[in-house]
Amino acid sequence: MKATTVSRGKGGGPDMSAAARLRATRWYQQPRWRRLAALLGTALLGAQVTGREGSSSDIFLALKENTTGTGMWIWLGGALLVWVLREFVSEQLAAGWAGVREGARAGASGPLGRGRELWRSLPWVRVAALTALAVFLVLLPLLVTRHWQQVLVDQIGIYVLLVIGLNVVVGWAGMLDLGFIAFFAIGAYSAAYWTGSLPVEPPVVLNNFLVIPVAVVTCLVAGVLLGAPTLRLRGDYLAIVTLGFHEMVYLAARNWRDTTGGTSGASVDRFEIDLGFWSYRWGLDPVPYYWLLLVVIALLIFLFLRLEHSRVGRAWTAIREDEVAAAATGVDTVRFKLLAFAIGASTSGVAGVIYASKLGFINSELFVLLFSILVLSYVIFGGMGSIPGVLLGAAILIWLPEAMRDQVPAQDRFMYLGALLVVMMIYRPQGLLPSRRRRRELEMAEEGAGGADSLGTSEGRRV
Amino acid sequence: MSAKPSLEKRPEPGPGPGSGPGPDGPPLLELRDLHVGYGAIEALKGVDLEVRRGEVVALLGANGAGKSTTLKTVSGMLAPRSGEVLLHGERIDGITSHQLVRFGLGHVPEGRRVFGRMTVLENLHMGAYRLRRPDPADLERVFALFPRLHERRRQVAGTLSGGEQQMLAIGRALMGKPELLLLDEPSMGLAPLIVQQIFGILREINEQGTTLLLVEQNATQALQLADRGYVLETGELVMSGPAGELLSDPRIRAAYLGEHVEAEAEAEAEAGRG
Ligand SMILES: Nc1ncnc2c1ncn2[C@@H]1O[C@H](COP(=O)(O)OP(=O)(O)O)[C@@H](O)[C@H]1O
Ligand SMILES: [Mg+2]
């Protein structure tokens, strides 16, 4: 060790030995067996955390079960595999992965690239694929069990509506909104109020479908009232304000019992169409709600995609990147932020109306903060700013805990979800299907490109 | 005052190079006794300044003198405490920056502030945001001025070098057809060769009919380009005059050209001779 420090010259003695000490404690400069030991230790801990629960009658039961059962061997095997891969074949793996990525980038080669080529060049391929997808989505509830039908409607359908709304606020306009479920609650309570289901009587009783525009307007107004004074704030401040707004709405719903029913709740009428010659009433069967949601979601996606590629969408992109520069190019930043906020709020309100009408019952506990955070995590997991991404994110993150229902203890499910989110944010922070722009951001970070001024001095301006 | 154009709609920049009303018409831009502050800090303490159509005016000063504050007040990002900002003889203080863009004001902000994740072309299109669609002639003009931007038009702006980003920031402002271009330290952090290049292009832009108000610490470069100059010191104008005079003023040379020793020695020698 001395030899290496001495070669750096005189006077550097104490500094270099400090540096050498730091280098020696670096994880990947240590002997391999230490990393193996650490991994195995983690595996043992993981086996305990994910294994059987203890009980007060036999406190060592869980420990015994978890150190002798198959779970531990799976964990240990996994740890060993990770160690072998990282220590001995990581270079080959990296090379292989780079090759795959090159292939994907080169486009023409590889099945992925060819598929993309087909998609671009042939309109009928696009039409056929989209039609097949539409047919599949329409028929999907008929192919699954009643339980999954409920999941499709109550959770996936409603949350998909919520994520495409929140995506406008977070993904496109770049504002962090932690109180998104407040508008969902406002929509749900609007539905209850205007159908005459709350303790207080509305001036006129409306059909649930008519409540939708009313809820949209209510949420727009609430969104503008909240947004106008606060959207001038940036980032973290806005997050806190929306958080506070959510708590206000939630506590009002909870404590204002005479009006909202509080925690004991109120029952809500279901959807009904009566055209005189033909009428239909949505009942307990989830499938008709699914189709209703599908129509609403398809409509909103169509509208939002048009917005994204309009002047409005460009203004949002500019605001997200740099508000000062956006204003300097003539973008009315406050107005467009308010617009995004209000669009998000009213989408959330629509989801609230449908949710309340589907459940036939609401109480304040359906609108706790956790759901605001879940919606946000779906958006981030799927890929902020990309509609296919957030759709996929919501679908996967809702499907996963449901699918794990029979495999793991119920109260452990969110732990796995949390672990998945952590791993995802470390290895793929841009989300599952990021928008083009978020991908760019990542590529720029990888190439270490900031605003370094290394170019230009050597090459003159070519006129 | 009678010939003053209406503020309501002015999609086109002014007529050709150096033309416009004579010395009797209202200046293109005028600041009258401008006071601007941040909280308890008084950043501008009564600034009077004017820019005539077709001119290049340099606003010089050390760090923290209030140069950026002046530009931000003109472009509507800050509201003055008192005093007036006049464009074509009409008051524009209190109008927000995104609206001022429509009145023919272009702002190249301090630190360039290009949209880092957009491509060069997207940045330029963004610059034309106030016009429903970008004018292809403007795009051609920008690419003629900055061939580098054309080479890199599909490149993401955040990966450009500092000099290229500055060119893009200027190009983006030009896409909005400004009559008056405000530039905040375009030379900041750039190699001398690039600075020279950029100032050459600024001259070209001026010759094509755009009036420039140029904020700089790099006094030599700025005064070589400018017709007139003002010197700002802790919120007050301490000197103004034709660029040539300022450039040869020993005090300027000492304070802003970084020629302390030589300049002082020279000044002393001159004083001794005189
Ligand atoms: N946002 C701000 N808040 C408080 N003080 C500021 C702010 N911006 C600038 N100042 C102060 O105003 C003075 C002028 O700043 P500025 O106009 O940026 O100077 P310059 O551009 O000439 O370097 C400085 O003293 C600076 O500290
Ligand atoms: Mg400045």
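Reading the values: the criteria
- Residues numbered from 1 in each chain as written.
- Chains lettered and ligands numbered in written order.
- Predicted model: local features only at pLDDT ≥ 70, side-chain atom pairs only at ≥ 80, totals over all residues.
- Heavy atoms only, no water.
- UniProt positions renumbered as here; feature names shortened; annotations may be inferred.
- Helix = DSSP H or I, 4+ residues; strand = E, 2+ residues; numbered from the N terminus.
- Contact = heavy atoms within 4.5 Å.
- Areas by Shrake-Rupley, 256 points an atom, 1.4 Å probe, with all protein chains shown as cover.
- Pairing = 2+ DSSP bridges.
- Axes fitted to C-alpha atoms, helices over the stretch in contact; angles between N-to-C directions.
- Core = buried A, V, L, I, M, F, W, Y, C linked by side-chain atoms within 4.5 Å.
- Buried < 20%, exposed > 50% of the residue type's maximum accessible area, 1.4 Å probe, protein only.
- Donors = N, O, S within 2.8 Å, 3.2 Å for Na, K, Ca; no water.
- Domains from an automatic or database assignment.
- Phe/Tyr/Trp six-rings, centres within 6.5 Å; stacked < 30°, edge-to-face > 60°.
- Near = heavy atom within 4 Å.
- Polar contact = N/O pair within 3.5 Å; in protein donor to acceptor, adjacent residues only side chain to side chain.
- 1 Å grid on protein atoms, 1.4 Å probe; cavity = no way out; pocket = protein on both sides within 12 Å on 5 of 7 lines; lining within 4 Å.
- Points joined across faces, edges and corners; volume = space filled by probe spheres on them.
- Nonpolar A, V, L, I, M, F, W, Y, C, P; charged D, E, K, R; others polar.
- pLDDT = per-residue confidence, 0-100.

As recorded in an unreviewed UniProt entry, chain B goes by Branched-chain amino acid transport system ATP-binding protein and comes from Streptomyces aidingensis. Under the Sequence similarities (unreviewed entry) heading, UniProt states for chain B: "Belongs to the ABC transporter superfamily."

Under an unreviewed UniProt entry, chain A has the name Branched-chain amino acid transport system permease protein and belongs to Streptomyces aidingensis. What UniProt states about chain A under its Subcellular location (unreviewed entry) heading is, verbatim, "Cell membrane".

Colleague: Where do I start with the overall build of chain B in this structure?
Modeller: Of regular secondary structure, chain B possesses eleven helices and ten strands. Within chain B, contacts between residues separated by at least 24 positions form 69% of all contacts whose residues are at least 6 apart in sequence. Accessible surface for chain B amounts to roughly 11,300 Å². Of this, 50% is attributable to carbon and sulfur atoms.

Colleague: I'm lost on the sheet that holds strand β6 (residues 105–108) of chain B in this one. Help?
Modeller: Strand pairing in a sheet is mediated by backbone hydrogen bonds. Such pairs are either parallel or antiparallel. Residues and elements named next belong to chain B. What the six strands build is an open sheet, ordered β6-β7-β8-β3-β9-β10; its pairing is mixed. The strands lining the two open edges of the sheet, one partner per strand, are β6 and β10 (236–242). Neighbour to neighbour, the strand axes of the sheet diverge by 15 degrees on average, direction disregarded. Summarising the sheet, strand β3 (residues 56–61) and strand β8 (residues 211–216) pair through five bridges and their orientation is parallel. Within β8, the position partnered with V57 by the bridge is L213. Of the strands in this sheet, β6 and β7 (180–184) are in contact with helix α6 (residues 162–174), which crosses β6 at around 165 degrees.

Colleague: I tried to follow the nonpolar core on my own but got confused; where do I start?
Modeller: One recurring pattern in soluble globular proteins is that nonpolar side chains are buried together. Among the nonpolar cores identified, the biggest contains 98 residues, and L161, L162, F183 and W316 of chain A are the most heavily contacted of them. For this core, the element with the most residues is helix α9 (residues 146–172) of chain A, which contributes 16 residues. Core analysis: the next-biggest nonpolar cluster, separate from the first, contains 49 residues, V108, A128, L202 and L223 of chain B among them.

Colleague: Could you clarify how one ought to interpret the coordination of the magnesium ion (ligand 2) in this entry?
Modeller: When a metal carries six donors in an octahedron, the ideal angles between them are 90 or 180 degrees, while four donors in a tetrahedron ideally lie at 109.5 degrees. All names here are of chain B. At the metal site, the magnesium ion (ligand 2) is ligated by S68 (OG) and E110 (OE), and these contacts range over 2.0 to 2.5 Å. Note that S68 is positioned in helix α1 (residues 67–74) and E110 in the loop between β6 and α3 (120–127), a separation of 42 residues in sequence. Relative accessible area serves as the criterion here: at 13%, S68 is assigned to the buried category.

Colleague: Got a minute to help me understand the domain arrangement of chain A in this structure?
Modeller: Where interface size is given, it is often the accessible area lost as the parts come together that is meant. Assigned domains within chain A: domain 1 (28–121) and domain 2 (149–413). Centre-to-centre separation of domain 1 of chain A and domain 2 of chain A, based on C-alpha positions: 37 Å.

Colleague: Before we go on, may I ask you to explain the UniProt feature "transmembrane region" (unreviewed entry) in chain A in this structure?
Modeller: All names here are of chain A. Within the UniProt annotation, "transmembrane region" (unreviewed entry) is assigned to residues 67–85, 124–144, 156–173, 178–196, 208–228, 287–305, 366–399 and 414–433. A distance of 27 Å separates the end C-alpha atoms of residues 287–305, which is 100% helix and 0% strand. Along residues 414–433 one finds 70% helix and 0% strand; the C-alpha atoms at either end are 23 Å apart.

Colleague: Which parts of the structure should I look at to understand the pairing of β6 of chain B?
Modeller: Consecutive side chains along a regular strand alternate between the two faces of the sheet. Residues and elements named next belong to chain B. Of the two faces of β6, both are covered, the one formed by L105 and H107 as well as the one formed by G106 and V108. Here β6 runs beside β7; their pairing, made up of four bridges, is parallel. Along β7, the bridge assignment pairs V108 with L183.

Colleague: Got a minute to help me understand the packing of aromatic side chains in this structure?
Modeller: Any pair of aromatic rings gets described here by the distance separating the centres and the angle formed by the planes. Residues and elements named next belong to chain A. All told, the structure shown has 14 aromatic pairs over all chains when counted by the stated rule. Ring geometry for Y280 and W282: centres 4.9 Å apart, planes at 85 degrees, overall edge-to-face. What makes Y280 partly exposed here is its relative accessible area of 33%. By relative accessible area, W282 is classed as buried at 9%.

Colleague: Even after reading the chapter, I still don't get the site of ligand 1, so can you show me in this structure?
Modeller: Residues and elements named next belong to chain B. Lining the immediate environment of ligand 1, one finds Y38, I41, A43, A62, N63, G64, A65, G66, K67, S68 and T69. Here an oxygen atom of ligand 1 and a backbone polar atom of K67 are 2.8 Å apart. Between ligand 1 and the protein, one listed contact pairs an oxygen atom with a side-chain N or O atom of S68 at 2.7 Å. In isolation ligand 1 exposes 560 Å². Once the protein is present, 63% of that is buried. Looking at the shell around ligand 1, the elements with two or more residues in it are β2 (41–51) and α1.

Colleague: For this particular structure, what's the right way to read empty space enclosed by the protein?
Modeller: Any space left empty among the atoms is revealed by the rolling of a water-sized probe across them. Across all of its chains, the model carries two cavities of 30 Å³ or more by this definition. In this structure, the largest cavity occupies an estimated 90 Å³ of space. A328 and T329 of chain A together with G106, R172 and A173 of chain B are, among the 13 residues lining the largest cavity, the residues nearest its centre. Contributing elements (two or more residues each) for the lining of the largest cavity: β6 and α6 of chain B. Its residues assigned to classes, the lining of the largest cavity shows six nonpolar, five polar and two charged. The space that makes up the second largest cavity amounts to roughly 40 Å³. Looking at the second largest cavity, the residues that line it are A328 of chain A together with S75, M77, S97, L100, V101, L105 and H107 of chain B. Sorting the residues of the lining of the second largest cavity by element identifies α2 (97–100) and β6 of chain B as the ones contributing at least two each. Tallied by class, residues from the lining of the second largest cavity come to five nonpolar, three polar and no charged.

Colleague: Is there a simple way to think about the confidence of the model for chain A in this case?
Modeller: Low-pLDDT portions of the prediction should not be read for the details of their coordinates. Residues of chain A with pLDDT of at least 70 account for 87%, and the chain-wide mean is 83. Every residue in residues 449–463 of chain A is under pLDDT 50, and counting partners more than four places away or in other chains gives 43 contacts.

Colleague: How do you make sense of the sheet that holds β2 of chain B when you look at a structure like this?
Modeller: All names here are of chain B. The four strands are arranged β2-β1-β4-β5 in an open sheet whose pairing can be described as antiparallel. Every interior strand has two partners, whereas the edge strands, β2 and β5 (90–91), have only one. The strands touched by α1 within the sheet are β1 (29–38), β2 and β4 (82–87), with β1 carrying the most contacts at an inclination of about 115 degrees.

Colleague: Just checking my understanding: could you explain the side chain of Q149 of chain A for this structure?
Modeller: Residues and elements named next belong to chain A. By secondary structure assignment, the location of Q149 is in helix α9. What makes Q149 buried here is its relative accessible area of 11%. Residue contacts for Q149: discarding those within four places in its chain leaves P141, V144, D285, P286 and V287.

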